[in-house]
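Descriptive analysis of the structure
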There are 6 protein chains.
Amino acid sequence: MLLIALTGLPMGGGKGGSDFDPKGKSDGEVLRFCQSFMTELSRYLGADTDVPAGDIGVGGREVGFLFGQWKRLTSLHTGVLTGKGLLWGGSNIRPEATGYGLVYIVDIALKHHKDTIKGKRVAISGKGNVAEFAAEKVLQLGGIVVSLSDSDGMICGGRKWIQLEQFTEVRKIEARRGRIKEYLKFSKTAKYYENDRPWKHVKCDIALPSATQNEINKSEAEALVKNGCKYVAEGANMPSDPEAIAVFKSGCKFFIPAKASNAGGVAVSGLEMSQNSQRTQWTREEVDNKLHGIMQNIFNNISSTADDLGKAGDYQLGANAAGFKKVADAMFEQGMVL
Amino acid sequence: MLLIALTGLPMGGGKGGSDFDPKGKSDGEVLRFCQSFMTELSRYLGADTDVPAGDIGVGGREVGFLFGQWKRLTSLHTGVLTGKGLLWGGSNIRPEATGYGLVYIVDIALKHHKDTIKGKRVAISGKGNVAEFAAEKVLQLGGIVVSLSDSDGMICGGRKWIQLEQFTEVRKIEARRGRIKEYLKFSKTAKYYENDRPWKHVKCDIALPSATQNEINKSEAEALVKNGCKYVAEGANMPSDPEAIAVFKSGCKFFIPAKASNAGGVAVSGLEMSQNSQRTQWTREEVDNKLHGIMQNIFNNISSTADDLGKAGDYQLGANAAGFKKVADAMFEQGMVL
Amino acid sequence: MLLIALTGLPMGGGKGGSDFDPKGKSDGEVLRFCQSFMTELSRYLGADTDVPAGDIGVGGREVGFLFGQWKRLTSLHTGVLTGKGLLWGGSNIRPEATGYGLVYIVDIALKHHKDTIKGKRVAISGKGNVAEFAAEKVLQLGGIVVSLSDSDGMICGGRKWIQLEQFTEVRKIEARRGRIKEYLKFSKTAKYYENDRPWKHVKCDIALPSATQNEINKSEAEALVKNGCKYVAEGANMPSDPEAIAVFKSGCKFFIPAKASNAGGVAVSGLEMSQNSQRTQWTREEVDNKLHGIMQNIFNNISSTADDLGKAGDYQLGANAAGFKKVADAMFEQGMVL
Amino acid sequence: MLLIALTGLPMGGGKGGSDFDPKGKSDGEVLRFCQSFMTELSRYLGADTDVPAGDIGVGGREVGFLFGQWKRLTSLHTGVLTGKGLLWGGSNIRPEATGYGLVYIVDIALKHHKDTIKGKRVAISGKGNVAEFAAEKVLQLGGIVVSLSDSDGMICGGRKWIQLEQFTEVRKIEARRGRIKEYLKFSKTAKYYENDRPWKHVKCDIALPSATQNEINKSEAEALVKNGCKYVAEGANMPSDPEAIAVFKSGCKFFIPAKASNAGGVAVSGLEMSQNSQRTQWTREEVDNKLHGIMQNIFNNISSTADDLGKAGDYQLGANAAGFKKVADAMFEQGMVL
Amino acid sequence: MLLIALTGLPMGGGKGGSDFDPKGKSDGEVLRFCQSFMTELSRYLGADTDVPAGDIGVGGREVGFLFGQWKRLTSLHTGVLTGKGLLWGGSNIRPEATGYGLVYIVDIALKHHKDTIKGKRVAISGKGNVAEFAAEKVLQLGGIVVSLSDSDGMICGGRKWIQLEQFTEVRKIEARRGRIKEYLKFSKTAKYYENDRPWKHVKCDIALPSATQNEINKSEAEALVKNGCKYVAEGANMPSDPEAIAVFKSGCKFFIPAKASNAGGVAVSGLEMSQNSQRTQWTREEVDNKLHGIMQNIFNNISSTADDLGKAGDYQLGANAAGFKKVADAMFEQGMVL
Amino acid sequence: MLLIALTGLPMGGGKGGSDFDPKGKSDGEVLRFCQSFMTELSRYLGADTDVPAGDIGVGGREVGFLFGQWKRLTSLHTGVLTGKGLLWGGSNIRPEATGYGLVYIVDIALKHHKDTIKGKRVAISGKGNVAEFAAEKVLQLGGIVVSLSDSDGMICGGRKWIQLEQFTEVRKIEARRGRIKEYLKFSKTAKYYENDRPWKHVKCDIALPSATQNEINKSEAEALVKNGCKYVAEGANMPSDPEAIAVFKSGCKFFIPAKASNAGGVAVSGLEMSQNSQRTQWTREEVDNKLHGIMQNIFNNISSTADDLGKAGDYQLGANAAGFKKVADAMFEQGMVL
């Protein structure tokens, strides 16, 4: 909710799900579940009412099946789901959005702090969409990716263990749902740590936890700070536990909480809705520029809100206050609370 | 209707209201009335059907309450009202639109007459949204504001009694619903006329009546002409009575009637609808540019229509004819009349 | 369907009609039919469901009558028909779209083949919207129009028998539903062939059959090739019969089938829907640029698809394969086929 | 409203109309008007929302045309109009309902007053549906009809000038829209008074004014009383002016106001709705019995209400009070008034 | 259509179907087809719009699956299908309706002809719902069933080969989809004719062809008449070919065509709708009485129509004329034809 | 659910509520809550979808306020709530229904057991709608009411302490929300037990626990049996705890569980819906007869189901099995489970 408020897009937010476990199910079984689920869900959806997006277990296949049933039930080809395929209403840069947005806001914040991503060592956890596209963007902007990980372990290396030209190998591993450990084949300098996370093993200037909730605890945060990490921005949903956040806020130059730094995905969902409403499809460049502009606005908003509250640089406070205030003001103005 | 036709935007027009008197009512009472009113009104509204905007007694507070109830009733977050708050679908430049648009069309018309607003003395009546933002825009373009007024009286002064840097004081008076007389505190040269209107007291090149209906009669018009007023454009709805218009049309270089010159507000309502449909919010600059372009088109339209009818420069005729023709043509083309 | 898929716009396609014969009917009778027809049809339409456009026997008058009834029935002023009048939601360049688009794709293909339209002799059949605006665009781009035709006969001439400045005479003939033969009055060098088609009589570099289905048979195609025709693009729907196509594909440098080359009309219908959704009206230049961009994309798509299939330059194959694949992929992705 | 409340049926009431004058219009013109009118009206109708019935100028033909258009627009074959044809949802006894109901309530009231209609002389004005079927029912119950009338004059006679077996002649005159004067051909004893009303010319025990509003003034009422009239019940809408009512209430044994005594027509409209809802058609006998039961309930209600208010026998007071109380109670109970 | 018009119930008629072949399909496959079919069909149904019933290949199982999906899609538990299960909105006597109705109308017609079914020999073809319940009713009324049949052959016997107490055996055979030949086990006097129909082999007073279309040709009709058959009523849809009908009309005392005599099934579908609308379920006796009343009305209607047309006893003419006139009158009255 | 299934009416069941506490709220506050609640709830209701009835805290006042808002929101005057006021769609006998139904089923069961209610001593707990109207019906049928109670205590007496003619005093106490203890004023022989329940203090033949859940435990059940109680039927929802039920089933002649014996209220809600659908209002006698018929059917159903399962007289088993089977069968038949 606060995350969505920060994007500045005309959207609200909510969460829902089902208890269907797609593991081991055939395409036909998943199709039948999706159609049955949408038959019920469709009563509550609408381009101006509620627009679900994919999430854990709901990827392109499921969004396609859900959208097909929506169309069949309603005879409406509208943007009532986001994360759609590019052939039938999806947006460019949707898969890349969270990862790119994360690095954009870090880059923007670094400029604000008179610094640059160029040449910085960046520790990343995860190897899904967020981590993969964050790493790609870091490399494009001249940074150094020092780690990646998955639920089995962590891989890291020196300055050159992974570069843009080798990045396609990571993509292929991800695409066939392989394990990050396989990348050892492509790099002689890479090292793999079974069942471990990057935080105590790598030296970095920037940490981008992008794997999962609560993946950094207090001692890992302390190790990061001790090893020179100066900037932290969350790519996953709440990857730092409260004690870790306290360590970052006192020991780093900035800490950007998930509700600001991983808003890129939701932002491009909003842009997908906008493209659907306009019956158009923007180019990669157009979407990318708008995504960058949104991350810039988010940073400006949380930064100036922190300033206004007399806590310059406290981006966690800034994000909470700015998001909450926007929601509360809109509620009051619309007469929901009096 | 004709006004809306002139904007060139895909909208029609109509008027309605209620007999609820908000004076002395608490926020809670206004809220309950707005919710009850919208419960009935909602049957007849729709983003592609009918989109009310505020007017006398229906400002931001009421639009908010009405919109909140619309959303509650329909589960639709659509642009079914204009003049919405900036946080929940409103447009930039909406409050400024009528005043800015008025000065834009004057500026455009002056260029057409090989003249400029720069250095001109401009008499303005009123101190509400229209007058306030017209005055601001006049000052920005290098003109001289020689008067303002409210229902208690008129204030005027020499070349420097009010300038952009002092304009914030007028804003504050308006914001706290004070009287224009209070501005005497901020200007030593200003003079205040109790219970009077500017027209017989000031010398001006341009008159922008922006207060209320029928605020200029024949003798006031004659006084304006005699004192050198060469250009008249209406900011209020029909401020000049028919005899005054006759005086202006024979004694001035141009007279622009309200249905062309105060179309800026409705125009930005249309732009607000467009932004809602596109799920986006344009910057102040974007809206301002579009507003300027619309006023330019209106002027071109009324000017060339007057030319086509052999009455070059008769913008009243041009506005009536162009607006009427557009509505009639569309009706015939759609088979409503045969 | 494949044609629409090639435009890249978010639309599908279908065909329908009625058995009402408008010949000899009064405006009032046509109006009553249109209103009655829309009363039934309206159940199946919607801006996001099905959006009819004009076709044979359904021009501006009928679209207007249908749209008026739609509005009356639904209280919705939405873009539920295309080809609307400019005053009530239509798009600029809609009448010109097929003709312009045809010449654009030829021009684009010529560039791809390192050639240019400049100075080329272009044989055009037909004198309706497609032929008329194709001829105009050919002349604008420096080509030479060597023929036009109607169902009574064919007119042709040398390099100068028809040029842009004389083109208004063709327009006037078309507007009053006259015959192309009348143009003889305006050109001393033009020759008229009663009951004949251009293909065996003219020497040309480029042929743009734009009159009607099956208007070129095998012997005519052979005559064209023998007389030096190197490039063929279809402006009408399937004007070349299968044997003629075979001749063109072996004897010419390129042949572009209707499903790619006359997509301009449908494309601008899509742009009209987009403008309606955005509540705006683009200028002629904006629409023209977008139309050109769409024709460019179509060419890129059919060309690269032909390349991918190892049949570089076979634009018929490219168009069929690209269109079919897009539809099939979208169906699979949405779960319609498993 | 009060009338409808008295029927005890689950209906409310309201009035509306149009300014179309059917005089001199062809069937085709009336059809087109009815279809166009229903196109707009249909938004506000519904079997559980608003159900119009015929009235002046809206008979069987118009109800048929309106119902046909309703079905075409909505695909609903529901009871959304009453007074429908017997073949497509209408009720038996609908034309007879007001006239029969009038005589039923008189008969019921007479029993309450220990009297009987048998042998009573009954003066009736009018010769439309109400008068015609009231007269028929009077004759069936053994009463004597002493007068009928139309806008040209009044016809009356002795005990035998008109009897059930001759009544078909009156029916034929009415059916071909002839004048009541023509009945002179069928009765040697009948007398005709040009441009006059029955009230001063006949001696009667019971008066049933069934022609039009305000057709009995004070002096006519006095003449009736003086000539022995003891019972008055209104068949038209408010045929007695206020002074006449005062005369009846002081000089007669009872006066039953229209809102109770002519409720039969509305009552059978309600029964028609009930039959439509049940997808059945009751026989004449079933409808007639229910109509009689409703008139009995109305009489019981107005009589006991008058008793409760200490004004036994004042059926005007009883009708007003009973109807008003029912509406007010229902409003309060539903929270409309607090 | 004419059949439905004759029932006098407030219904219209139409036919539709699908090309899904249920043979060899599992319950799950049939379920999925039914749900998918209803997903599309549901747009066009409604208790007051269109109400499908079962027919060939659509029995209780399919109606249940279709109804379940209708409820799921619309959240409406309304009578939008007939032939529903008794537990969820179906009507008593629905399976028996066509067979019972057939014998009722024969019984009624016999009374009209001063004759009785008691002791009459009745030849029946078929052994499905129609034949089975016709036979049962014949036996109940004291008639003698002389034959039954299926697509493999015909079984017949003397006066006592089949009686009410043995009828349960026929039911069991039908229920397990066995062949009528199996009944030989239960009757020593029965004879079986392979691949033959009853008409040339039995002596009967009454013939009730109840198997399938065109099951009686001219020579069979002649044999029936020659063997003493005096009364024919069709239980199947158009079982007699036109030549056979001519034979019956000249050689028998009466011939009742299917559109009158097998209307019982549709009639009880109408009663099922009525029960649904009233939220009630009538007992077997109530439905049976109403069915009998409807058959009586049908007979009265076709008989009196034949009389009116001067062709007393020509029930085919009476049925056609009465049905057609009702539909045509309703169309004219509703303005559909002018 | 099972209870509703047993009524045989075409209804399903569910439960819901809100957390608004009406205690101490003014009528205006309750009105505003009800209107706001219905604004949200109305999306899920419908005469054929979901029809709420009152329950604890939702009496006539609340149903009225909810229904008024429903009408305002939907323009539909349909039976979308039950327990409505008699003036606007409610049913006669709705308040009495549970109490009457309870005694009816006891009476029916007694007849089945060759016994009669006449002269029997009946212990009743509670003094709300259920207890009050159960007591009234017991007295009407010649039984003896030996106790009543409320949450403060229990009142009982000999054969004559309370009789029909004194029953109005109990009604008045209930109407002003007084305590049952007050009845001591009207009976010299009555005795009052503070904070106690009837079960251990009275001698009775029949026990009708009608106060609240779990109001009879094992020892109380044993006391009842020991004191001669032979018949138990539950009027409240599950008043006997499982151990008490075991005692009754072994020690009494019959035990009828709430899901069968207190179904009268829901049954009349169904009859109210039926009356609304038919646009009629049945007399007290009609509703009462139907209620009695439904209770008879319930008893037949649970009794014969128990017989079929080889447990004749086990009405708890019969009720559970019959209800469950009906729901399960309908689900299977409609394809919900396969």
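So, how was this worked out
- Residues numbered from 1 in each chain as written.
- Chains lettered and ligands numbered in written order.
- Predicted model: local features only at pLDDT ≥ 70, side-chain atom pairs only at ≥ 80, totals over all residues.
- Heavy atoms only, no water.
- Helix = DSSP H or I, 4+ residues; strand = E, 2+ residues; numbered from the N terminus.
- Rg over C-alpha atoms; globule rule 2.2 N^0.38 Å.
- Buried < 20%, exposed > 50% of the residue type's maximum accessible area, 1.4 Å probe, protein only.
- Contact = heavy atoms within 4.5 Å.
- Areas by Shrake-Rupley, 256 points an atom, 1.4 Å probe, with all protein chains shown as cover.
- Lys, Arg positive; Asp, Glu negative; His and termini not counted.
- Charge placed at Lys NZ, Arg CZ, Asp CG, Glu CD.
- Buried area = accessible area lost by both parts, 1.4 Å probe.
- Salt bridge = Lys/Arg side-chain N within 4 Å of Asp/Glu carboxyl O.
- Pairing = 2+ DSSP bridges.
- Axes fitted to C-alpha atoms, helices over the stretch in contact; angles between N-to-C directions.
- Expected span 1.5 Å × (residues − 1).
- Polar contact = N/O pair within 3.5 Å; in protein donor to acceptor, adjacent residues only side chain to side chain.
- Least-squares fit on C-alpha atoms with pLDDT ≥ 70 in both.
- pLDDT = per-residue confidence, 0-100.

Quick notes on the overall build of chain A
A count of helices and strands for chain A gives 12 helices and seven strands. The globule rule puts the C-alpha radius of gyration for 338 residues at 20 Å, and the 20 Å found for chain A is close to it. Taken along the three principal axes of its C-alpha coordinates, chain A extends 55 × 55 × 35 Å. When each of the 338 residues of chain A is scored for burial, the buried share is 52%. Sequence-distant contacts in chain A: of pairs separated by 6 or more residues, those separated by 24 or more amount to 67%. Accessible surface, chain A as shown: approximately 14600 Å² in total, 52% of it carbon and sulfur. A gap of 4 Å separates the mean positions of the 43 positive and 38 negative side-chain charges of chain A.

Quick word on the interface of chain D and chain E
A common way to express how large an interface is: the accessible area buried when the components associate. Facing the 22 residues of chain D at the interface are 17 residues of chain E. Taking both sides of the interface into account, the surface hidden between chain D and chain E amounts to around 1700 Å²; carbon and sulfur atoms contribute 55%. When the buried area of chain D at its contact with chain E is split by residue, L87(D), W88(D) and R279(D) rank highest and sum to 42% of it. In this structure, the salt-bridge partner of R279(D) is D48(E), at a minimum N-O distance of 3.1 Å. Sorting the residues of the side of chain D that touches chain E by element identifies α2 (27-41), α3 (60-74) and α10 (264-278) of chain D as the ones contributing at least two each. Looking at the side of chain D that touches chain E element by element, the count peaks at seven residues for α3(D).

Considerations on the sheet that holds strand β2 (residues 144-150) of chain B
All names here are of chain B. Judged by pairing direction, the sheet is mixed, and its seven strands sit side by side in the order β4-β3-β2-β1-β5-β6-β7 without closing on themselves. Each end of this open sheet is capped by a strand with a single partner; those strands are β4 (191-194) and β7 (254-256). Averaged over all pairs of adjacent strands, the angle between their axes in this sheet comes to 15 degrees, without regard to strand direction. Sheet topology places strand β1 (residues 121-124) next to strand β5 (residues 206-208); three bridges connect them, and they run parallel.

Structural notes on helix α12 (residues 315-333) of chain F
Residue and element names in this part refer to chain F. If you check α12, its first and last C-alpha atoms are 26 Å apart, about what 19 residues at 1.5 Å a residue would give, namely 27 Å. For α12, the full list of buried residues reads Y315, G318, A319, A322, G323, K326, V327, A328 and A330. Close packing links the buried residues of α12 with α1 (2-7), α4 (97-112), β7 (254-256), α9 (258-261) and α11 (284-308). Directly beyond the C-terminal end of α12, a positive phi value near 80 degrees is found at G335.

A word on the side chain of S274(B)
With respect to the helices, strands and loops of the structure, S274(B) is situated in helix α10 (residues 264-278). Among the polar contacts listed, one links the side chain of S274(B) to the backbone oxygen of Q278(C), at a separation of 2.3 Å. Beyond its immediate sequence surroundings of up to four residues, S274(B) is in contact with W282(B), Q278(C) and R279(C).

Digging into the interface of chain A and chain B
Residue-level contacts link 17 residues of chain A with 22 residues of chain B. Each partner contributes to the roughly 1700 Å² buried at the junction of chain A and chain B, and carbon and sulfur atoms together form 55% of this total. Counting across the interface, chain A meets chain B through one salt bridge. Our count for the contact surface shared by chain A and chain B stands at nine residue pairs in polar contact (both at pLDDT 80 or more). Contributions of two or more residues to the side of chain A that touches chain B are made by α10 (264-278) and α12 (315-333) of chain A.

With respect to the relation of the copies chain D and chain E
Superposition record for chain D on chain E: RMSD 0.1 Å, screw rotation 120 degrees, translation along axis 0.0 Å. What the superposition gives is, in effect, a three-fold axis relating one chain to the other. Residue Q278(D), judged by its C-alpha, is the member of chain D lying nearest the rotation axis, at 3.3 Å. The residues that chain D uses at the interface reappear at the interface of chain E in only 9% of cases, marking distinct surfaces.

Let's talk about the environment of I4(E)
Residues and elements named next belong to chain E. Examined against the element boundaries, I4 turns out to sit in helix α1 (residues 2-7). For I4, a relative accessible area of 12% puts it in the buried group. Between the C-alpha atoms of I4 and A221, which are 217 residues apart in sequence, the distance is 27 Å. The contacts of I4, once residues within four sequence positions are left out, are M11, G12, G13 and V266.

A look at the environment of A319(B)
Residues and elements named next belong to chain B. Position of A319 among the secondary structure elements: in helix α12 (residues 315-333). Considered as a pair, A319 and L6 are 313 residues apart in the sequence and their alpha carbons are 7.5 Å apart. When residues no more than four places from it in sequence are discounted, the contact partners of A319 are L6, P257, K259, A260 and I302.

Thoughts on the confidence of the model for chain A
A low pLDDT means the predicted coordinates there should not be read in detail. Looking at chain A as a whole, the pLDDT averages 93, with 99% of positions reaching at least 70. With a pTM of 0.91, the predicted complex shows an ipTM of 0.89.

Quick look at the pairing of strand β3 (residues 153-156) of chain B
Residue and element names in this part refer to chain B. Going residue by residue along β3, you find G153 and I155 tucked away on one face and M154 and C156 tucked away on the opposite face as well. As judged from the four bridges shared by β2 and β3, these two strands associate in the antiparallel manner. Directly across from L148, in β3, lies its bridge partner I155. Two strands pair when backbone bridges link them, and β3 and β4 are joined in this way by four bridges, in the antiparallel orientation. Among the inter-strand pairings, C156 is bridged to a residue of β4, identified as K191.

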